[in-house]
Amino acid sequence: MRFELKPPPHALPTTSVPKVMRHVIYALAPAAFAHVWFFGWGICINALIATAAALGAEALMLRVRSRPVKPALLDGTATVTAVLLAFAIPPLAPWWVPVIGAVSAIVLAKHLYGGLGSNLFNPAMVGYAVLLISFPVEMTYWLPPRGAELGHSPVGAWDSLRFAVTGSLPQALAVDAVTQATPLDLVREGLTSMQTLAEVQAGPLFGGMGGRGWDWVNSLIAVGGLYLLFRGIIRWHIPVSMLAAIAVLAAVFHTLDASRFASASFHLFSGASLLGAFFIATDPVSAATTNRGRLIYGAGIGILVYAIRTWGGYPDGVAFAVLLMNATVPLLDRYTRPRIYGRPR
Amino acid sequence: MSTGTPIARGLLPERLIIPMDQQAGPAAVPVVEVGQRVRKGEMIGRPGGLRSAGVHASASGTIGAIREGPVPTVNGLTTSLCVHLQTDGRDEQAPSEGWPRERDARIDAICNAGIVGLGGAVFSTAEKLRDDAECDLLILNGAECEPYISCDDMLMREHPLEVVRGALAMMDLTGAESTVFAVERDKPDALRAVREAAAQLGDTRIEFARVPTVYPAGGERQLVELLTGREVPSGSYPPAAGCICQNVGTAFALDRFMRRGEPLTSRIVTVTGNGVAHPANVEVPIGTPIGDLIHFCGGYRGDVTRLILGGNMMGYALPGDNLPITKAGNCIVAAHADEIRESTGEWPCIRCGDCADVCPPRLLPQQLLRAATVRDFDQLDSLGLNDCIECGCCDIACPSQIALTERFRQAKQAWAVVSQRAAMADLATRRHRRKLARLAAQTEDIHRQQDDLIAAIGSEDSRAMIEAAVARASRRRGESDTAH
């Protein structure tokens, strides 16, 4: 009898890239449902458009680079990038916003650096940064949460879709009338116009920790993150060090001057703190790979997020913080290697 | 699935292929001739040097041939001289030589009896025991090296007394202060059995330790760290950390030799996998062709795609089943296609670091992969390529399903070639430099002689000699002029 000759190990692998990506999507699902409940169907429309654009860009780039197209399209990585991007785009967005974001993410951030596994920067955050810098107005079309009693009807699924396609709403609704700044925006604007934090947070959008609706979305993002931790898809180092850095800084400044600096819980539950900590900073390709490196990387992001929010030019800073720390990863990987077994201490 | 039934015995194939190269050291040298009758336990190969070991007839019969043939060794499939033995089924035993009194004689006897490490590394047991390094701890390794393998478990359950007696003898021979007997947590029966055996023998020196069932806890470097917190220095063996590791199968073999004078002629082999009809642990005469062993276990079942010697983590695939079981052969897996890894293509590395989380020597396989791809040997060195124990854990954990271990194996080979070439180039450079120095010295010698001559020319005597010579020359010229 003759048998095949293959090198060891012969045992079956325990996981695969598509499986990992599938679990990331599962983990985002509860938060997406909450998002739909509070802010309408916009996120789903954006996610679908972004996914289609990302897959198209991926296929095109693979063709251009003469790489096999099918396995890469099925690995789920472009889909995850697109869905994460959709979480960062306002629910009311013309179709070309998610398209430009997704194409920038896949073409600029991913394939120009060599495709999956070779990109230095987080693709979703590059896509978001491109949108934020190029279309600052469109990126403010956030909607008020359900139940905020702001005196006008919420935008329905049909209206969102219509806006996505045509870029305008039915006559009765004007874009400026229906959109609403996010809690982080309001805090920022209020503080620059010399209001105290307590005055700003007395508004109808606040209540709870990070703002109405956002509390739910972000809590469910944390639940999804814990699911990924539990499944062993991400490790604790980055989320813990990033959230701890934000919380400690916020707590210190809040204690010093509560009228000008928001509390730790507000910082953790508003904006993209939790999404960033569990889903964006933990993107394996662009994050540090050693445990010590991960702690430094996460803490660096947390510090930058707080600094940008508090003293920088943007209401939220997760995207820029992640991109800045991405650039330090090669260095972190090199100088935080663990001591090898049997080598001198 | 191979621990449900007791160790199966009575396997005696018609023909045994007994390789001379069965131990980590040099091959044994045949001491029999074709046509010669041998009894079971008779020496057929004497130790071929330091770290070698004797090889013995595993059954009585007639030597059919002595020729080169393929042999699965620890270093892969190689060619070795093999003694082919036609068995006669009479099972005649060679007379035993008895257990010597002196320590040195005992250790020589262990070497001649062919006892080597039966955990799979087949390192000379005599050399390990002889080593006078300052070892204070003897570790009895009852942790299987791989998930599929259960031969040590079964041996401890069925022969605890022999194993413990062998361990005590090892203790006396090494003079180790303490002995730890390590058994995996999921083998409570084995642990109970050896504990009771120790109590029965009235021994209180052996300490028993339950170790977690985490592959590769049975690897000696990992076991030393687990039990003592010490690390075996990079590039050396457990004695460098004050420990000696001995497999329980080796202890069993030692006891058999001490008490019955029987050299090592058989070992327990785990036969498993979905492709074998009755998985079992079998006491196998050394040299049994694998096909006979499978036949003994009810033959093949279904479509066997891969035949693996050793476990499915570190064992290697065999091309056929006409190869013999050697002292290193702890397990045979006859695998169906659905229980083994098919290399169906890989995704690019996504740098998730799952590989680093499972790496026992705490390497960064993902960084190693990058350096291995571009053959950056300086980087590979600082990342610890040669500290890789090739356990295969990173392959299993990798979501991109990259064949990491195989890449590292290839990189190690490439590195060995490169360093050998570098060493040769270095040697050539040194030779060339030495030659230049030699030539320079010679030139200097000649110059010194010339200088001496010139110095001599300056003296009074030489001036007279020169004048005489000039006079002689002009006279001769004058003579030649007149001749014309």
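Reading guide: rules and limits
Residues numbered from 1 in each chain as written. Chains lettered and ligands numbered in written order. Predicted model: local features only at pLDDT ≥ 70, side-chain atom pairs only at ≥ 80, totals over all residues. Heavy atoms only, no water. Disulfide = S-S within 2.5 Å. Salt bridge = Lys/Arg side-chain N within 4 Å of Asp/Glu carboxyl O. Helix = DSSP H or I, 4+ residues; strand = E, 2+ residues; numbered from the N terminus. Buried < 20%, exposed > 50% of the residue type's maximum accessible area, 1.4 Å probe, protein only. Contact = heavy atoms within 4.5 Å. Polar contact = N/O pair within 3.5 Å; in protein donor to acceptor, adjacent residues only side chain to side chain. Nonpolar A, V, L, I, M, F, W, Y, C, P; charged D, E, K, R; others polar. Pairing = 2+ DSSP bridges. pLDDT = per-residue confidence, 0-100.

So, about the state of the cysteines. All names here are of chain B. Using the criterion set out here, one finds 0 disulfides over all chains in the structure. C82 takes part in no disulfide bond, and the closest cysteine sulfur to it belongs to C111, at a distance of 20 Å. The thiol of C391 is unpaired, and the distance to the nearest cysteine sulfur, on C393, comes to 3.5 Å.

Under the definition given, this model contains 43 salt bridges over all chains. Between K6(A) and E342(B) there is a salt bridge, with its nearest N and O atoms 3.6 Å apart. With K6(A) in the segment before α1 (17-39) and E342(B) in the loop between β16 (331-336) and α9 (354-358), the pair connects residues from two separate chains. Owing to a relative accessible area of 26%, K6(A) belongs among the partly exposed residues under this scheme.

Right, let's talk about the interface of chain B and chain A for a bit. In this assembly, 66 residues from chain B lie in contact with 43 residues from chain A. Applying the counting rule to chain B against chain A returns 7 salt bridges. R351(B) is the partner of D333(A) in a salt bridge, and the nearest nitrogen-oxygen pair spans 3.1 Å. Taken together, the connections running from chain B to chain A amount to 33 residue pairs in polar contact (both at pLDDT 80 or more). Every element with two or more residues in the side of chain B that touches chain A is listed here: α6 (220-228), β14 (304-309), β15 (316-318), α9, α10 (365-373), α11 (377-382), α12 (393-397) and α13 (404-457) of chain B. It is β14(B) that provides the largest number of residues to the side of chain B that touches chain A, a total of 5 residues. When the residues that make up the side of chain B that touches chain A are grouped by side-chain class, the tally is 27 nonpolar, 19 polar and 20 charged.

Spatially, β1-β7-β6-β3 (chain B) is the arrangement adopted by the 4 strands of the open sheet, whose pairing is antiparallel. Where the open sheet ends on each side, the last strands, each with one partner, are β1 (15-19) and β3 (37-38) of chain B.

Looking at chain B, the pLDDT average stands at 90 and 98% of residues meet or exceed 70. If you check the scores for this complex, the pTM reads 0.86 and the ipTM reads 0.89.

We now examine the pairing of strand β6 (residues 61-73) of chain B. Residue and element names in this part refer to chain B. Taken together, the 2 bridges between β3 and β6 define a ladder with antiparallel strand orientation. Looking across to β6, one finds that R37 is bridged to T62. Examined bridge by bridge, β6 and strand β7 (residues 76-87) share 12 bridges and lie antiparallel to one another. When the bridges of β7 are listed, V71 appears paired with T78. Between β6 and the antiparallel strand that follows it, β7, lie 2 residues.

What follows deals with the side chain of Q401(B). In this fold, Q401(B) is placed in the loop between α12 and α13. In terms of polar contacts, Q401(B) uses its side chain to reach the backbone carbonyl oxygen of T15(A), at 3.0 Å. Setting aside chain neighbours within four positions, we find Q401(B) in contact with P13(A), T15(A), S16(A), R341(B), E346(B) and W347(B).

A separate point is the side chain of R235(A). Locating R235(A) in the fold gives a position in the loop between α11 (214-230) and α12 (237-256). Side chain to side chain, R235(A) and D357(B) meet in a polar contact 2.8 Å long. Residues in contact with R235(A), not counting those within four places in the same chain, are L229(A), R294(A), C352(B), D354(B) and D357(B).

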